[in-house]
Amino acid sequence: MEGSLFLPDALSETAKEIDGLFYILTGIAVVIFLLVWMLLLIFLVRYRRKHPTKEGLRLYGNTRLEIIWTVIPALILVVLGIYSAQMVYALQKPPADAYEIQVTASKWKWEFTYPDGPNGGFTTLNDLRLPAGKPILFRITSKDVIHSFWVPELRIKMDAVPGRETRVWVKPLKEEGKFKVLCAEYCGTAHANMVSDALVMKEEHFGKWVASGGKEDPSGQPLDGKQLAQQFGCLACHAIDGRELAGPSWKGIYGTERELADGSKVKVDDEYLKESIVNPNAKVVKGYGPAMPAYPQLSDAQLQALVDYIKSLK
């Protein structure tokens, strides 16, 4: 991927165009800054007061110079304004063959709904996948408060507003790459945890992934339970060092016996953990409220990876 000294890797054609505009503006600003300071220093030295009793020459303006330093900046602003406006309009008009992904924000997670799949569409949680080289239209909304869909590598940031749909489109480069989706609008106490993984995939891998309903990893790599726990936001409520947060700590929990809210007891094993992830209100641990969201969309492989990770925390 192409890097930059100032900006993250640009993973779309639009991002490269925006970077180009940024560098043009920065270059012009630097040139003007240096020119002003150079002239200021020259005038300070050349026209400094050499004789305390002698008055300097009074100047009453120079029409030619004033026209020059007015017209040239005005022309620069007009050219940059036209170039910027064309870029903004281009961002608002997706190609007819753009692949549409519904983005739904809520405290404090991102849901991505794909129109294809075995059941006519499916939704992933904090897991955005994009086909390389294909235009993508994001249709963005929110379930609760205002969030902001921000992807630095794609140079896009669009508000997610309850009851409204905002749109933005991009065309990822024909290369694979990983990045993060962030929320750029403060949305509550766990705002900093509202982070989603995102991956640009080869188009054939993306097709296989969509055909599986988002439950198979075409790369064949084993799933990382810790990474999944971070991806799904589990660690915002479940500590791994023994601390009690909104939910029970995962440290040393596997194999223990827990008392439930109804007074019964349950052994923490694979079956109980998987049920608690898919249907958390089925067996609520005593002392905790039924506040955990359900994750029925997880595949068997993802559930087992999470259970194995919890099992490893001794």
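Residues numbered from 1 in each chain as written. Predicted model: local features only at pLDDT ≥ 70, side-chain atom pairs only at ≥ 80, totals over all residues. Heavy atoms only, no water.

Looking at an unreviewed UniProt entry, one finds the protein named Cytochrome c oxidase subunit 2 and attributed to Calditerricola satsumensis. The UniProt entry for the protein carries the following comment under Catalytic activity (unreviewed entry): "4 Fe(II)-[cytochrome c] + O2 + 8 H(+)(in) = 4 Fe(III)-[cytochrome c] + 2 H2O + 4 H(+)(out)". (UniProt positions renumbered as here; feature names shortened; annotations may be inferred.)

Enquirer: How should I be thinking about the pattern of salt bridges in this particular structure?
Expert: Here the idea is simple: oppositely charged side chains can pair when their charged atoms come close. Counted under the stated rule, the structure contains eleven salt bridges. The closest approach of N and O atoms between Asp127 and Arg129, which form a salt bridge, is 2.9 Å. For the pair formed by Asp127 and Arg129, the shared burial category is buried. In this structure, the salt-bridge partner of Glu275 is Lys283, at a minimum N-O distance of 2.8 Å. For Lys283, a relative accessible area of 30% puts it in the partly exposed group. Salt bridges linked by common partners bring Glu100, Arg139 and Glu165 together as one network. (Salt bridge = Lys/Arg side-chain N within 4 Å of Asp/Glu carboxyl O. Buried < 20%, exposed > 50% of the residue type's maximum accessible area, 1.4 Å probe, protein only.)

Enquirer: Hey, could you run me through a nonpolar patch on the surface in this one?
Expert: Taken together, the side chains of Val30, Ile32, Phe33, Leu34, Val36, Trp37, Leu40, Leu41, Leu44 and Val45 present a nonpolar region at the surface, about 970 Å² in accessible area. Residue position: Ile32 is located in helix α1 (residues 13-46). (Patch = residues over 30% accessible without salt bridge, like charges linked within 9 Å, V, L, I, M, F, W, Y side chains within 5 Å. Areas by Shrake-Rupley, 256 points an atom, 1.4 Å probe, with all protein chains shown as cover. Helix = DSSP H or I, 4+ residues; strand = E, 2+ residues; numbered from the N terminus.)

Enquirer: Sorry if this is basic, but what is going on with a positive patch on the surface here?
Expert: On the surface, Arg46, Arg48, Lys50 and Lys54 cluster together into a positively charged patch. With respect to the element layout, Arg46 can be found in helix α1. (Lys, Arg positive; Asp, Glu negative; His and termini not counted. Charge placed at Lys NZ, Arg CZ, Asp CG, Glu CD.)

Enquirer: Where do I start with the sheet that holds strand β2 (residues 109-114) in this structure?
Expert: The strands making up a sheet associate through hydrogen bonds between their backbones, and the pairing can be parallel or antiparallel. Spatially, five strands are ordered β3-β2-β1-β5-β8 in an open sheet, and the strand pairing comes out mixed. In the strand order of this sheet, the two ends are held by β3 (122-125) and β8 (166-170), each with one partner. The average angle at which neighbouring strand axes cross in this sheet is 25 degrees, direction not considered. As paired strands, strand β1 (residues 99-106) and strand β5 (residues 136-142) are joined by seven bridges and run parallel to one another. Counterpart to Ile101 in the pairing with β5 is Phe138. Relative to the sheet, helix α3 (residues 203-211) contacts β1, β2 and β3, its axis offset from that of β3 by approximately 105 degrees. (Pairing = 2+ DSSP bridges. Axes fitted to C-alpha atoms, helices over the stretch in contact; angles between N-to-C directions. Contact = heavy atoms within 4.5 Å.)

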